[in-house]
Amino acid sequence: MVYKNIICPVCGGSCDDVQVNLDKKNGTIDVQNACKMGNAKFQEVVSHHRILKPTIRENGKVKDVSWDEALEMAADILVNSKKPFFFLGSETSCEAQEVGLHIAEYLGGLADSNATICHGPTVMGIQESGMVGATAGQAKNRADMIVYWGVNALESMPRHMSRYGVFPRGYWTKRGRFDRTMVTVDPRVTPTAAASDLHVQLNPNSDYELLSAMFTILNGKEPHPSVEEITGVPISVMKQTVEMMKESNFVAIYVGLGVSSSYGKHRNIEIALNFVKEMNNYTKCNIGALRGHCNVAGFNQLASYLYGYPFGLDFTKGYPRYNPGETTCVDLLREKDVDAAFVMSADLMDHIPAESAQYLADIPMICLDIAPCPSTTAAEVVLPGVIDAMECDGTFYRLDNVPVYFEPFTDSPFSETKSNEDTLKQLFAKVKAKKEA
Amino acid sequence: MEALLNTGSTIDEGRLAKGGSKYTDDYTKECAVCWMCAEDFTSLGCPEKVAVISRDRKYSVALTTKVTEAMRSGQVFIPRSIWANVVVEPDTFSTGSPRYKGSPVFVEPTDDEILSAEELVTKMYMGGE
């Protein structure tokens, strides 16, 4: 049967035009309009490596158990922990993340999500400076200049350029690519840089200096000549870029981890945001983060709405605290500051530095996921995951913080659970029963 | 050789990771790779494999080499994956986010075996279980 307008649950692009032909009888799925990553994820519905049974590790051996046994053991680990840590990954719905946050609050633990190892510093920069933002649709219809700064959009969000950024025909950009100028700022010659009109190839870790110099130029002053050696970019190119921006009608800047993850971190974002504010004295200019993980923006929205902070939530004192560098995932694990972990819909072991990963493998870990990965290998308890937007409904937030409600085209393959939200609710009930016993 | 490490997405890394294929040879071939420019490759003696070593020399990972014009001298790139994160600086500068871009590393020729993702997690992180 053919299903149309399915939401893709892979990256922050949340493409809503995916067409799926699912043949349950023969176990095949044909996917149209999705990118390579999206197509691969849709194939998971019928894949042979899907995790279909809960497992536990007993005396070093992994064995299949019933759902009830797995949930019991998971609840035991969490209840017996003095400081449990919840990594509520982004490849699931806000509804599931919400239950996870409530369990963390109930147990006085800590909760974090992919934001912390993704655009966490971007969010911190926004807290410092505020943000001139726009929805992706605004950029599509209005922007005649696109800047990809520290992001390889063609490979991290493959359809961004064709859906929102560069190629689509917008209301005021009717000729699509021909009505737009595209600039990429990246130390590497990426496919995105190769497709650009101008590639500003800066030295690694010099984003702050480059932005400062461009800010100086925007204010009509001459930057110090040493900035050429530091950034590897001639001042004439900086001036040309600033002029191109000023002469455009609407500039949309998309930042990636190249800005927020290199030296300078949230200060890079802070100055970029201030630069954008200043640029609005000359033309319309906005900035947005190209959020690679599916519902990573959703966790920020949800945690801010529920507890006042966007990520790195610490409930150990009975009320929410937020101190990046102390209450955030990589730091907690590096400092060996938690004694059990619940990892949902994210292969955390794969994404964090060795010191943190080693400690994560040392402590009891419960992992909810759909396919074998380093996190499931190191976990004490593995709970099979339900694939959001394919097997259950829920809400994602798109890269521009627009909520997107998704509906499934097939059912959960498990009689024991309808969704990850359902699994977490069952776990929460067991945790409460044990805690209050 | 001292270098600055850049990590990030490649389309096939994304395809394999999202498709649940992290324990396949294809994933190892795509991600256990160190990209560098021809100049750096020559200065290292044109090795088939290199060890990328963290700044404090505590962690090391063996990778195949890939020569590309996408890189400048003194910079190396590893697709974002468990191999890259072995040598990413864990310090977050009080932001929560490690230095996925611009971590200082050492790069040396090696004959060490290239581990699969599963071998890496069991041998390096789980103490050889």
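Residues numbered from 1 in each chain as written. Chains lettered and ligands numbered in written order. Predicted model: local features only at pLDDT ≥ 70, side-chain atom pairs only at ≥ 80, totals over all residues.

- The name an unreviewed UniProt entry gives chain B is Formylmethanofuran dehydrogenase, subunit D, with Methanolobus profundi as the organism.

- An unreviewed UniProt entry lists chain A under the name Formylmethanofuran dehydrogenase, subunit B, from Methanolobus profundi.

### Notes on the domain arrangement of chain A
Residue and element names in this part refer to chain A.
- Domain assignment breaks chain A into domain 1 (51-117 + 294-436) and domain 2 (120-289).
- Listed per partner, the contact involves 11 residues of domain 1 and 7 residues of domain 2.
- When its residues are assigned to classes, the side of domain 1 that touches domain 2 shows 6 nonpolar, 3 polar and 2 charged. (Domains from an automatic or database assignment. Contact = placed C-beta atoms within 7 Å. Nonpolar A, V, L, I, M, F, W, Y, C, P; charged D, E, K, R; others polar.)

### What about the interface of chain A and chain B?
- Across the contact, 61 residues belong to chain A and 45 residues belong to chain B.
- Secondary-structure elements contributing two or more residues to the side of chain A that touches chain B are α1 (36-42), α4 (120-129), α6 (153-156), α12 (257-260), α15 (329-334), α16 (348-351), α17 (354-362) and α18 (374-378) of chain A.
- The dominant element in the side of chain A that touches chain B, judged by the number of residues it contributes, is α17(A), at 6 residues. (Helix = DSSP H or I, 4+ residues; strand = E, 2+ residues; numbered from the N terminus.)

### Brief notes about the UniProt feature "domain: Molybdopterin oxidoreductase" (unreviewed entry) in chain A
- When the UniProt feature table is mapped to this numbering, "domain: Molybdopterin oxidoreductase" (unreviewed entry) covers residues 50-414 of chain A.
- For the annotated span residues 50-414 of chain A, helix accounts for 39% and strand for 18% of the residues, and the straight-line distance between the end C-alpha atoms is 12 Å. (UniProt positions renumbered as here; feature names shortened; annotations may be inferred.)

### What about unusual backbone geometry?
- In the Ramachandran plot, A:Lys265 falls in the positive-phi region, its phi being about 45° despite a non-glycine side chain.
- With respect to the helices, strands and loops of the structure, A:Lys265 is situated in the loop between α12 and α13 (266-279).
- A:Lys265 gets classed as buried once you count the C-beta atoms within 10 Å, which come to 26.
- The phi torsion at B:Phe93 lies on the positive side, around 50°, for a residue other than glycine.
- Among the secondary structure elements, B:Phe93 is positioned in the loop between α4 (82-86) and β6 (101-109). (Buried ≥ 20, exposed ≤ 12 C-beta atoms within 10 Å, placed from the backbone.)

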